[in-house]
Amino acid sequence: METQTVSAVSGEGRIDLIVNAAGRLFLAPGAGRVSMDDLAHELGMSKKTIYRHFPDKHSLLTAVLDRQFGAVERALLAAAAESEGQPFGDQVRQFLMAAGGELERIGAAQLATGRGDAALRRHVEQRIDAVVYQRLDDLFQAGHRRGLLSARPELLGEIIRGAVERLLNSQLPRELDCTAADLLRATVDTVLYGAIRSGADEKSGT
(Lines give C-alpha, C1' and ligand atoms only; values in the text may rest on other atoms or scores of the structure.)
Protein backbone atom coordinates (compact mmCIF):
# COMPACT_ATOMS: atom_id res chain seq x y z
CA MET A 1 0.00 0.00 0.00
CA GLU A 2 1.33 3.42 -0.92
CA THR A 3 1.86 6.10 1.68
CA GLN A 4 -0.47 9.07 1.70
CA THR A 5 2.38 11.40 0.64
CA VAL A 6 3.19 9.31 -2.43
CA SER A 7 -0.47 8.84 -3.29
CA ALA A 8 -0.89 12.61 -3.42
CA VAL A 9 1.77 12.92 -6.11
CA SER A 10 1.01 12.01 -9.71
CA GLY A 11 2.37 12.37 -13.24
CA GLU A 12 5.77 14.04 -13.61
CA GLY A 13 6.02 14.60 -9.88
CA ARG A 14 5.83 10.88 -9.21
CA ILE A 15 8.40 10.16 -11.91
CA ASP A 16 10.74 12.65 -10.24
CA LEU A 17 10.27 10.93 -6.89
CA ILE A 18 11.08 7.55 -8.40
CA VAL A 19 14.13 8.74 -10.34
CA ASN A 20 15.53 10.70 -7.39
CA ALA A 21 15.13 7.78 -5.01
CA ALA A 22 16.59 5.35 -7.54
CA GLY A 23 19.62 7.60 -7.93
CA ARG A 24 20.17 7.71 -4.17
CA LEU A 25 19.91 3.96 -3.78
CA PHE A 26 21.36 2.50 -6.97
CA LEU A 27 24.28 4.90 -7.37
CA ALA A 28 25.30 5.40 -3.75
CA PRO A 29 29.07 4.91 -3.25
CA GLY A 30 29.77 1.41 -2.02
CA ALA A 31 26.16 0.36 -2.37
CA GLY A 32 25.57 -3.33 -2.88
CA ARG A 33 22.96 -4.80 -5.15
CA VAL A 34 19.72 -2.85 -4.67
CA SER A 35 16.45 -4.43 -5.77
CA MET A 36 13.22 -2.90 -7.00
CA ASP A 37 11.72 -4.16 -3.73
CA ASP A 38 14.23 -1.96 -1.86
CA LEU A 39 13.24 1.01 -4.01
CA ALA A 40 9.53 0.41 -3.47
CA HIS A 41 10.11 0.23 0.29
CA GLU A 42 12.15 3.45 0.23
CA LEU A 43 9.36 5.25 -1.61
CA GLY A 44 6.47 3.73 0.29
CA MET A 45 5.20 2.81 -3.15
CA SER A 46 4.13 -0.46 -4.74
CA LYS A 47 6.35 -2.01 -7.40
CA LYS A 48 3.32 -2.01 -9.66
CA THR A 49 3.28 1.79 -9.54
CA ILE A 50 7.00 1.96 -10.36
CA TYR A 51 6.60 -0.43 -13.28
CA ARG A 52 3.73 1.68 -14.57
CA HIS A 53 6.28 4.42 -15.28
CA PHE A 54 9.37 2.27 -15.92
CA PRO A 55 8.86 -1.20 -17.44
CA ASP A 56 12.09 -2.59 -15.98
CA LYS A 57 15.09 -1.73 -13.84
CA HIS A 58 17.27 -0.97 -16.86
CA SER A 59 14.91 1.72 -18.18
CA LEU A 60 14.82 3.27 -14.71
CA LEU A 61 18.62 3.30 -14.42
CA THR A 62 18.85 4.85 -17.88
CA ALA A 63 16.55 7.66 -16.73
CA VAL A 64 18.71 8.16 -13.63
CA LEU A 65 21.89 8.34 -15.70
CA ASP A 66 20.37 10.71 -18.25
CA ARG A 67 19.43 13.06 -15.42
CA GLN A 68 22.93 12.84 -13.95
CA PHE A 69 24.59 13.57 -17.26
CA GLY A 70 22.11 16.36 -17.94
CA ALA A 71 23.50 18.08 -14.85
CA VAL A 72 27.05 17.48 -16.08
CA GLU A 73 26.19 18.98 -19.46
CA ARG A 74 24.70 22.10 -17.86
CA ALA A 75 27.84 22.56 -15.76
CA LEU A 76 30.05 22.30 -18.84
CA LEU A 77 27.94 24.78 -20.79
CA ALA A 78 28.17 27.20 -17.86
CA ALA A 79 31.96 26.76 -17.70
CA ALA A 80 32.25 27.40 -21.45
CA ALA A 81 30.12 30.54 -21.19
CA GLU A 82 32.14 31.81 -18.23
CA SER A 83 35.47 31.33 -20.02
CA GLU A 84 34.35 32.81 -23.34
CA GLY A 85 36.80 35.44 -24.53
CA GLN A 86 39.57 34.22 -22.22
CA PRO A 87 42.92 32.83 -23.47
CA PHE A 88 42.60 29.41 -25.06
CA GLY A 89 44.58 27.66 -22.34
CA ASP A 90 42.24 29.06 -19.68
CA GLN A 91 39.23 27.86 -21.66
CA VAL A 92 40.62 24.33 -21.80
CA ARG A 93 41.54 24.39 -18.13
CA GLN A 94 38.13 25.61 -16.99
CA PHE A 95 36.32 23.10 -19.17
CA LEU A 96 38.34 20.19 -17.84
CA MET A 97 38.13 21.36 -14.23
CA ALA A 98 34.35 21.44 -14.59
CA ALA A 99 34.31 18.06 -16.36
CA GLY A 100 36.59 16.39 -13.82
CA GLY A 101 34.65 17.80 -10.88
CA GLU A 102 31.28 16.76 -12.29
CA LEU A 103 32.40 13.26 -13.28
CA GLU A 104 33.87 12.81 -9.82
CA ARG A 105 30.67 14.11 -8.23
CA ILE A 106 28.44 11.58 -9.96
CA GLY A 107 30.91 8.72 -9.46
CA ALA A 108 31.49 8.21 -13.18
CA ALA A 109 34.35 5.79 -12.63
CA GLN A 110 32.08 3.49 -10.67
CA LEU A 111 29.23 3.99 -13.11
CA ALA A 112 31.50 3.03 -15.99
CA THR A 113 31.81 -0.46 -14.52
CA GLY A 114 28.09 -0.83 -15.21
CA ARG A 115 27.53 -2.46 -11.82
CA GLY A 116 27.71 -5.80 -13.65
CA ASP A 117 25.36 -4.67 -16.44
CA ALA A 118 27.04 -4.51 -19.86
CA ALA A 119 24.23 -2.45 -21.41
CA LEU A 120 24.45 0.05 -18.55
CA ARG A 121 28.21 0.30 -18.98
CA ARG A 122 27.82 1.05 -22.69
CA HIS A 123 25.22 3.72 -21.93
CA VAL A 124 27.57 5.43 -19.46
CA GLU A 125 30.46 5.31 -21.94
CA GLN A 126 28.26 6.81 -24.68
CA ARG A 127 27.05 9.60 -22.41
CA ILE A 128 30.58 10.49 -21.24
CA ASP A 129 31.75 10.52 -24.86
CA ALA A 130 28.87 12.74 -26.03
CA VAL A 131 28.77 15.11 -23.07
CA VAL A 132 32.49 15.47 -22.31
CA TYR A 133 34.86 14.12 -24.93
CA GLN A 134 33.06 15.35 -28.04
CA ARG A 135 33.03 18.85 -26.59
CA LEU A 136 36.70 18.54 -25.69
CA ASP A 137 37.52 17.41 -29.24
CA ASP A 138 35.59 20.38 -30.64
CA LEU A 139 37.52 22.73 -28.34
CA PHE A 140 40.90 21.35 -29.45
CA GLN A 141 39.84 21.46 -33.10
CA ALA A 142 38.88 25.12 -32.70
CA GLY A 143 42.28 25.85 -31.15
CA HIS A 144 43.99 24.00 -34.00
CA ARG A 145 42.15 26.05 -36.62
CA ARG A 146 43.30 29.23 -34.89
CA GLY A 147 46.92 28.03 -34.92
CA LEU A 148 47.07 27.83 -31.12
CA LEU A 149 48.25 24.23 -30.79
CA SER A 150 51.72 22.83 -31.46
CA ALA A 151 50.43 19.24 -31.32
CA ARG A 152 47.63 17.54 -33.22
CA PRO A 153 44.25 18.00 -31.53
CA GLU A 154 43.56 14.28 -31.86
CA LEU A 155 46.69 13.49 -29.82
CA LEU A 156 45.82 16.01 -27.12
CA GLY A 157 42.30 14.64 -26.93
CA GLU A 158 43.57 11.08 -26.40
CA ILE A 159 46.06 12.21 -23.74
CA ILE A 160 43.37 14.05 -21.78
CA ARG A 161 40.88 11.18 -22.11
CA GLY A 162 43.44 8.82 -20.65
CA ALA A 163 44.25 11.24 -17.83
CA VAL A 164 40.59 11.74 -16.92
CA GLU A 165 39.81 8.04 -16.84
CA ARG A 166 43.00 7.16 -14.99
CA LEU A 167 42.57 9.83 -12.32
CA LEU A 168 38.92 8.99 -11.68
CA ASN A 169 39.94 5.38 -11.02
CA SER A 170 43.17 6.15 -9.18
CA GLN A 171 43.95 6.25 -5.46
CA LEU A 172 46.36 9.13 -6.11
CA PRO A 173 43.87 11.92 -5.26
CA ARG A 174 43.30 10.33 -1.85
CA GLU A 175 47.03 9.76 -1.29
CA LEU A 176 47.80 13.39 -2.15
CA ASP A 177 44.76 14.70 -0.26
CA CYS A 178 43.26 16.49 -3.24
CA THR A 179 40.49 15.93 -5.76
CA ALA A 180 40.74 14.23 -9.13
CA ALA A 181 39.77 17.60 -10.64
CA ASP A 182 42.79 19.26 -8.96
CA LEU A 183 45.13 16.64 -10.39
CA LEU A 184 43.46 16.96 -13.76
CA ARG A 185 44.21 20.68 -13.75
CA ALA A 186 47.89 19.93 -13.05
CA THR A 187 47.85 17.38 -15.87
CA VAL A 188 46.34 19.89 -18.27
CA ASP A 189 48.93 22.50 -17.33
CA THR A 190 51.68 19.95 -17.94
CA VAL A 191 50.26 18.95 -21.33
CA LEU A 192 49.58 22.49 -22.49
CA TYR A 193 52.66 24.24 -21.14
CA GLY A 194 55.20 21.47 -20.53
CA ALA A 195 56.64 20.13 -17.29
CA ILE A 196 59.80 22.25 -17.43
CA ARG A 197 59.41 25.87 -16.40
CA SER A 198 60.51 28.39 -18.99
CA GLY A 199 64.10 29.60 -18.34
CA ALA A 200 64.85 26.87 -15.83
CA ASP A 201 68.50 25.75 -15.89
CA GLU A 202 69.63 22.26 -15.14
CA LYS A 203 71.93 22.07 -12.16
CA SER A 204 75.30 20.60 -12.81
CA GLY A 205 75.20 18.65 -9.59
CA THR A 206 78.58 19.96 -8.52
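Just so it is clear, the model here is predicted, and its values are computed rather than measured. Here the residue index of a chain counts from 1 through its sequence in written order. It should be noted that, the model being predicted, local features are given only for residues of pLDDT at least 70 and side-chain atom pairs only at 80 or more, the latter also being counted only at that level, while totals for whole chains, interfaces and linings use all residues. Just so you know, side-chain values use all the structure's heavy atoms and leave hydrogens and water out.

## A few points about the overall build of the protein chain
Our working definition: Numbering goes from the N terminus for both helices and strands, where a helix is a DSSP run of H or I of at least four residues and a strand is a run of E of at least two. A 1.4 Å probe rolled over the protein chains alone gives each residue an accessible area, and that area as a share of the maximum for its type sets the label: buried under 20%, exposed over 50%, partly exposed in between. Contacts are assigned to residue pairs that have any heavy atoms within 4.5 Å of one another. Accessible surface is estimated by sampling points in the Shrake-Rupley manner with a 1.4 Å probe; for residues, cover comes only from the protein chains shown.
Assigned secondary structure in the protein chain consists of 11 helices and 0 strands. Helices and strands appear in the protein chain in the N-to-C order α-α-α-α-α-α-α-α-α-α-α. Here the protein chain holds 206 residues, and 37% of them are scored as buried. Within the protein chain, counting contacts between residues at least 6 apart in sequence, those at least 24 apart form 64% of the total. As displayed, the protein chain offers around 12100 Å² of accessible surface, 51% of which is attributable to carbon and sulfur atoms.

## Overview of the packing of helix α8 (residues 118–145) against helix α9 (residues 153–169)
Our working definition: Here an axis means a line fitted to C-alpha atoms, over the contact stretch when the element is a helix, while the angle between two N-to-C directions is reported on a 0 to 180 degree scale. We call a crossing left-handed when the near helix sits turned anticlockwise from the far one by less than a right angle, and right-handed when that turn is clockwise. Classification used: nonpolar for Ala, Val, Leu, Ile, Met, Phe, Trp, Tyr, Cys and Pro, charged for Asp, Glu, Lys and Arg, polar for all others including Gly.
Packing of α8 against α9 leaves a shortest axis separation of 9 Å and a crossing angle of 145 degrees. The two elements α8 and α9 meet at a crossing, and its hand is right-handed. In contact with Asp129, Tyr133, Leu136, Asp137, Phe140, Gln141 and His144 of α8, α9 contributes Pro153, Glu154, Leu156, Gly157, Ile160, Arg161, Val164 and Glu165. Looking at side-chain class alone, the contact of α8 with α9 contains 7 nonpolar, 3 polar and 5 charged residues.

## Considering the UniProt feature "DNA-binding region" (unreviewed entry) in the protein chain
Put simply, the test is: UniProt positions are given in the numbering used here, feature names are shortened, and annotations may be inferred rather than shown by experiment.
Listed under "DNA-binding region" (unreviewed entry) in the UniProt record, and renumbered for this structure, are residues 35–54. Helix makes up 75% of residues 35–54 and strand makes up 0%, while its end C-alpha atoms are separated by 14 Å.

## Comments concerning the nonpolar core
The condition is simple: In this text, buried Ala, Val, Leu, Ile, Met, Phe, Trp, Tyr and Cys residues form a nonpolar core when linked through side-chain atoms within 4.5 Å.
With 52 residues, the main nonpolar core has Phe26, Leu39, Leu60, Leu103 and Val132 as its most contacted residues. Those elements that provide at least two residues to this core are α2 (12–26), α3 (36–43), α5 (57–83), α6 (88–105), α7 (108–111), α8, α9 and α11 (180–193). Looking at this core, the element that brings in the most residues is α8, giving 9 residues. The residues touching Leu103, leaving out its near neighbours within four places in the chain, are Phe69, Ala108, Ile128, Val132, Val164 and Leu168.

## Things to note about α8
Cut-off, in case you're wondering: One fewer than the residue count of a helix, multiplied by 1.5 Å, yields its expected span.
Helix length check: α8, at 28 residues, gives a terminal C-alpha distance of 38 Å against a target of 40 Å (1.5 Å per residue), a fit within 8%. For α8, every residue scored as buried is listed here: Leu120, His123, Val124, Ile128, Val131, Val132, Tyr133, Leu136, Leu139, Phe140 and Gly143. Following α8 by one or two positions, Gly147 adopts a phi angle in the positive range, close to 75 degrees.

## A look at unusual backbone geometry
The phi torsion at Asp177 lies on the positive side, around 55 degrees, for a residue other than glycine. Tracing the chain through its elements places Asp177 in the loop between α10 (172–175) and α11.

## Quick word on the environment of Glu158
Along the chain, the position of Glu158 falls in helix α9. Considering only alpha carbons, one finds Glu158 and Asp137, 21 residues apart in sequence, at a separation of 9.2 Å.

## Details of the pattern of salt bridges
Note the following rule: Salt bridges are defined by distance alone: a side-chain nitrogen of Lys or Arg within 4 Å of a carboxyl oxygen of Asp or Glu.
Applying the stated rule across the entire model yields 11 salt bridges. Close ionic contact of Asp90 with Arg93 constitutes a salt bridge, the shortest N to O distance being 2.6 Å. Of this pair, Asp90 and Arg93 both sit in helix α6, 3 residues apart, roughly one helical turn. What makes Arg93 buried here is its relative accessible area of 18%. Across the pair Arg161 and Glu158 runs a salt bridge, and its minimum N-O distance is 3.9 Å. Note that Arg161 and Glu158 are positioned in helix α9 at a spacing of 3 residues, about one turn of the helix. Judged by its relative accessible area of 16%, Arg161 is buried. Judged by its relative accessible area of 52%, Glu158 falls in the exposed class.

## Brief notes about the confidence of the model for the protein chain
We apply this condition: The score called pLDDT rates the predictor's confidence residue by residue, from a low of 0 to a high of 100.
With 83% of its residues at a pLDDT of 70 or more, the protein chain has an overall mean of 81. Contacts of residues 3–8 to residues separated by more than four positions or lying in other chains number 8 contacts, the stretch itself having pLDDT below 50. Note that residues 198–206 has pLDDT below 50 and, in this model, 0 contacts with residues that lie over four places away or in other chains.

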